[in-house]
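A closer look at the structure
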Amino acid sequence: MKRLIYLIAFLISPTFLKAQMTRLLAYLAKEAKVRTGYLSLTRGDGGQNLIGNEQAELLGLIRTQELLAARRTDGAEQFFTRANDFGFSKTSDESFKIWGKEQILSDVVWVIRKFQPDVIITRFPEDARAGHGHHAGSAILAREAFVAAADKTRFPEQLKYVKVWQAKRILWNTFNFGGTNTTSPDQLKLDVGLYNPLLGKSYGEIAAISRTNHKSQGFGSTLQRGEAFEFFSPVAGEPAKTSIFDGIDLSIKDKEVELLLGEIKKEYNVNSPSASVPNLLKLRKLTKDLDFNHTLLDNLIFSCVGLNIDVYTKEMSYAAGDSIPVIIDMVNRANPTIPLEISYATSRDSFWTLQPNKPLGITYKKGTTYGSTSQPYWLTNSHPIGQYSIKNQLDIGFPENQAALSVDVPIRINEEMFNLTLPVLYKSTDPIKGEKYQPLVIAPAVTATMSEKAYIFGSNSPKTITVQLKSFLNNSTGSITPQLPRGWKSNPEKIDFNLARKGDEQNISFNITPGSDVNSGNITLQINTDGKTDDKGLKIISYEHIPTITIFPQATARLEKIDLKIVGKKIGYLDGAGDLTADALKEMGYQVTNLSPAQVLTSDLSTFDALVVGVRFYNISDDAKIVQPKLLAYVQNGGTLLIQYNVNNGLKYSNIGPYPFKLANKRVTEEDAKVNFINPESAALNYPNKITDKDFEGWVQERGIYFATDIDPKYSTVLSMKDTGETESDGSLLIADYGKGKFVYTSLVFFRELPAGVPGAYRLFANLLAPKQP
């Protein structure tokens, strides 16, 4: 079974590049019929989210499932390294510095040694043409791993699990997009736009369907039909002249196996698939010791005999350590002349004969280990900015956890033994959507979840923090104790709880008072129950296009005592693509009303002290053009309008301000970049809070993205900044008087900084919301 692996960093790339990649994957997996892997260095955690307000690790979870959905469509296998997408990076050197190059290289080598590809293909070049430091870094790591994977002195600790591996060649899949053409006539080319009559689709169509799974990035695609050429440039190894598989023997060495495969193909009867089973069983015996995809063969045999096995529970979640009732439903829907017997893990010596088309159901209880929850393995431990902390080498590469609970099902077909391991799923029936399967969740006994990621204290006055408790067991009793920074106090210091039934929830509240010496720190909730201590919250992410995601993050939040003054109270918030800014404004003491475009058009906006437009509103809303006159009229009549960042490409309406400016793909990615006050007298820096250099300390991920350019002189620019080695940019914050009011456009990443509890971001945002000064 020949293999090919596609090495790539997670794509935050132009549309056509992604379309090319998925089309090639589909062609290789379904036309060339080689086992095809896709290694994504990161999970896309640092990008922006077009479908909700999840950021960082939560966004990475969504994109992981979107990638898995894409792979189920195009037929490739998905792998990851431990690298964390910390945000846009301009150079591979910066990426390697933050990731820890050697550690990520070891992961790439591990996946190569484990998967054993004959050909490695990179998506990007190693230089600035890649457009992203992560992308360029993926090409460098691929080239170095191509050599290191075959060197027994590199990462020798892996060799107790895998062996060294030398791929035949590594190629760069060149591209022509966005004014950058890296293809040339002398490069090897391959038409991947072929039509597959068995599937009823071309590989361009399959690729578009695959790519449309990436909804959090807005990558919905038009189906592509007709010829489409991919070009390849050699990187290392033996050059290819006529095919990427030059010099690789794709034939079957065993003559008896080859003849048998021909016979199976020739005699296959679509109306009686089970007629192929005797020869398929013979093939299974002949290939037992060969390099062959035995999992695929076994599944083919099960399909031909019409075997269906459901392994499920009737509840979505159980507590770790609980005993879980597992249901196994089986039916043999095919030829009655083929003996099919089945057992299950606790009764291996007892087999039941499955009578033709007669369902058989078994229910038994299976235990779980206390403390072993279904938390994603890469989120189990706290981690630095550049990489996840993964303790178990054998976890590296997997896209997600192994099943939280599985069942071994021995099967005997014509005396041939199969050992099938099936995941236990949660099965339900929705009155509208019908039968549904979701991952089984193994949870802590009790979770404690705070409503906010950060709590802001503008004075020494206490603030109420509400906690939602949820029990995953019957009769859960215990207590919650907040762990606070030195000098901070909680009233009460502890709250007891008694949750009688599984699924019960209870809201409790603590009044937290800041300390006089320490202005910031974390609150962590200690959960004491049944003599055990835990500190986990609950987060559920639910979208129609991916499985429900349930995780148990640490029950912790940021506490910040800030010298913060606000002017005005009532804020109208026009939602964009999704962010947590409105919640942060409530923490600051504002009264926030979320507005739809329809409400903007029909409401009396003069009742608001300021209006805020959410991130990427002008990229996603078809109503942007309709509401814009109402928004500007609000400013003209004396209101304050603050618009957060939009992306330069794909604007639904480009006249965002009262005066002209353009947006560009310019950003400052160094979160500690020096910020210069080029208009120090601006009210934005002085009222009601005096902004200093200290207010730009502790920012996370970046300073700003998609800065404004070609700025009309009627705007006042307030700040300038740059990444190392670049020129200053003043497009992060524009302010203009318009009529009686104030218009603000900002590319500063407040949508990241406010939820992270960055004090200076709150103070500056409060100034921007303050009314126009006389």
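Just above sits the structure.
Reference entry: report on the structure contained in this document. Each chain carries its own residue numbering, running from 1 in the direction its sequence is written. For this predicted model, a pLDDT threshold of at least 70 governs which residues receive local features, and a threshold of 80 or more governs which side-chain atom pairs are given and counted, while totals over whole chains, interfaces and linings are taken from all residues. Heavy atoms throughout the structure, all of them, feed into the side-chain values; hydrogens and water do not.

**Here we look at the overall build of the protein chain**
We count a stretch as a helix when DSSP gives it H or I for four or more residues in a row; a strand needs E for two or more, and each element gets its number in order from the N terminus. Across its full length, the protein chain carries 15 helices and 45 strands. Principal-axis analysis of the C-alpha atoms gives the protein chain an extent of 90 × 70 × 55 Å. Only protein chains enter the accessibility calculation, which uses a 1.4 Å probe; a residue whose area is less than 20% of its type maximum is buried, one above 50% is exposed, and one in between is partly exposed. Going through the 774 residues of the protein chain one by one, you find that 54% of them count as buried. By definition, residues are in contact when any of their heavy atoms lie within 4.5 Å. Considering only intrachain contacts with a sequence separation of at least 6, the fraction spanning at least 24 residues in the protein chain is 73%. The method behind every accessible area is Shrake-Rupley, applied with a 1.4 Å probe, and residues are considered shielded solely by the protein chains displayed. Entry remark: accessible area of the protein chain is about 33400 Å², with carbon and sulfur atoms responsible for 49%.

**Here's the deal with the sheet that holds strand E15 (residues 340-342)**
DSSP-based pairing: two strands are paired if at least 2 bridges between them are found. Taken in spatial order, the four strands of this open sheet run E16-E15-E18-E19, and their pairing is antiparallel. At either margin of the open sheet sits one strand with a lone partner, and together these are strand E16 (352-353) and strand E19 (416-423). In the sheet, strand E18 (residues 406-413) pairs with E19 via eight bridges, with the strands oriented antiparallel. Across the sheet, the residue bridging to Ser 406 is Pro 423, located in E19. Lines are fitted to the C-alpha atoms to define the axes, a helix being fitted only along its stretch in contact, and any angle between axes, read from their N-to-C directions, falls within 0 to 180 degrees. On the sheet, helix H8 (residues 277-286) packs against E18 and E19 and is oriented at approximately 90 degrees with respect to E19. In the packing of helix H9 (residues 294-304) onto the sheet, contacts are made with E18 and E19, and the angle to E19 comes to roughly 95 degrees.

**Notes on helix H3 (residues 92-99)**
If you check which residues of H3 are buried, you get Ser 92, Glu 94, Ser 95, Phe 96 and Trp 99. Structurally, H3 contributes buried residues whose contacts are with helix H4 (101-115) and helix H5 (133-148). Just downstream of H3, Gly 100 is the residue with a positive phi angle, here 90 degrees.

**Brief notes about unusual backbone geometry**
Of the consecutive residues Asn 491 and Pro 492, the connecting peptide bond is found in the cis state with omega at 0 degrees. With respect to the helices and strands, the residue Pro 492 is situated in the loop between strand E27 (489-491) and strand E28 (495-499). Of note, the amide linkage connecting Tyr 687 to Pro 688 takes the cis form, showing an omega dihedral of -5 degrees. Along the chain, Pro 688 turns up in the loop between strand E40 (675-677) and strand E41 (708-709). Positive phi, normally seen in glycine, also occurs at Tyr 706, with a value near 55 degrees.

**Digging into the sheet that holds strand E17 (residues 360-367)**
An order of E17-E14-E12-E20-E21 is seen for the five strands of this open sheet, with the pairing classed as mixed. Each having just a single partner strand, E17 and strand E21 (434-439) make up the two edges of the open sheet. The sheet shows a mean angle of 40 degrees between the axes of neighbouring strands, direction not considered. Of the pairings in the sheet, the one linking strand E12 (residues 307-313) to strand E14 (residues 323-332) comprises six bridges and is antiparallel in character. The residue bridging Val 311 from the neighbouring strand is Ile 328, located in E14.

**Details of the packing of helix H10 (residues 581-588) against helix H15 (residues 759-769)**
At a minimum axis separation of 11 Å, H10 and H15 run at an interaxial angle of 90 degrees. By the angle between their directions, the pair H10 and H15 is classed as roughly perpendicular. Here Thr 581, Ala 584, Leu 585 and Met 588 of H10 lie close against H15, whose contacting residues are Tyr 762, Phe 765, Ala 766 and Leu 769. Classification convention: Asp, Glu, Lys, Arg as charged; Ala, Val, Leu, Ile, Met, Phe, Trp, Tyr, Cys, Pro as nonpolar; all other residues, Gly among them, as polar. Here the contact of H10 with H15 is composed, by residue class, of seven nonpolar, one polar and no charged. Throughout, the term roughly parallel applies to angles under 35 degrees, roughly antiparallel to angles over 145, roughly perpendicular to angles from 65 to 115, and oblique to all others.

**A word on the packing of aromatic side chains**
The description of an aromatic ring pair rests on the distance of the ring centres and on the angle between the ring planes. When two rings of Phe, Tyr or Trp (its six-membered ring) have centres within 6.5 Å they constitute a pair, described as stacked for plane angles under 30 degrees, edge-to-face for angles over 60, and tilted for the intermediate range. Overall, the coordinates contain 21 aromatic pairs when judged by the stated rule. Judged by centre distance (5.3 Å) and plane angle (90 degrees), the ring pair of Phe 617 and Tyr 618 falls under edge-to-face. In terms of burial, Phe 617 and Tyr 618 fall into one category: buried. Measuring from centroid to centroid gives 6.2 Å for Trp 699 and Phe 750, while their planes differ by 55 degrees, and the two rings are tilted.

**As for H10**
Of all eight residues making up H10, six are buried, and the element is well covered by its neighbours. Within H10, the full set of buried residues consists of Thr 581, Ala 582, Ala 584, Leu 585, Glu 587 and Met 588. Looking one or two residues beyond H10, the residue adopting positive phi is Gly 589, at roughly 110 degrees.

**Concerning the pattern of salt bridges**
Put simply, a salt bridge is a Lys or Arg side-chain nitrogen that is within 4 Å of an Asp or Glu carboxyl oxygen. Taken as a whole and judged by the stated rule, the model has 35 salt bridges. For Asp 310, the salt bridge identified is with Lys 427, shortest N-O distance 3.1 Å. You can see Asp 310 sitting in strand E12 and its partner Lys 427 sitting in strand E20 (residues 425-430), a full 117 residues away along the chain. Residue Lys 427 is classed as buried on the basis of its relative accessible area, which comes to 19%. For Asp 517, the salt bridge identified is with Arg 486, shortest N-O distance 3.8 Å. Here Arg 486 lies in the loop between strand E26 (476-483) and E27 and Asp 517 lies in the loop between strand E29 (505-513) and strand E30 (520-529), a separation of 31 residues in the sequence.

In short, geometric facts, not functional conclusions.
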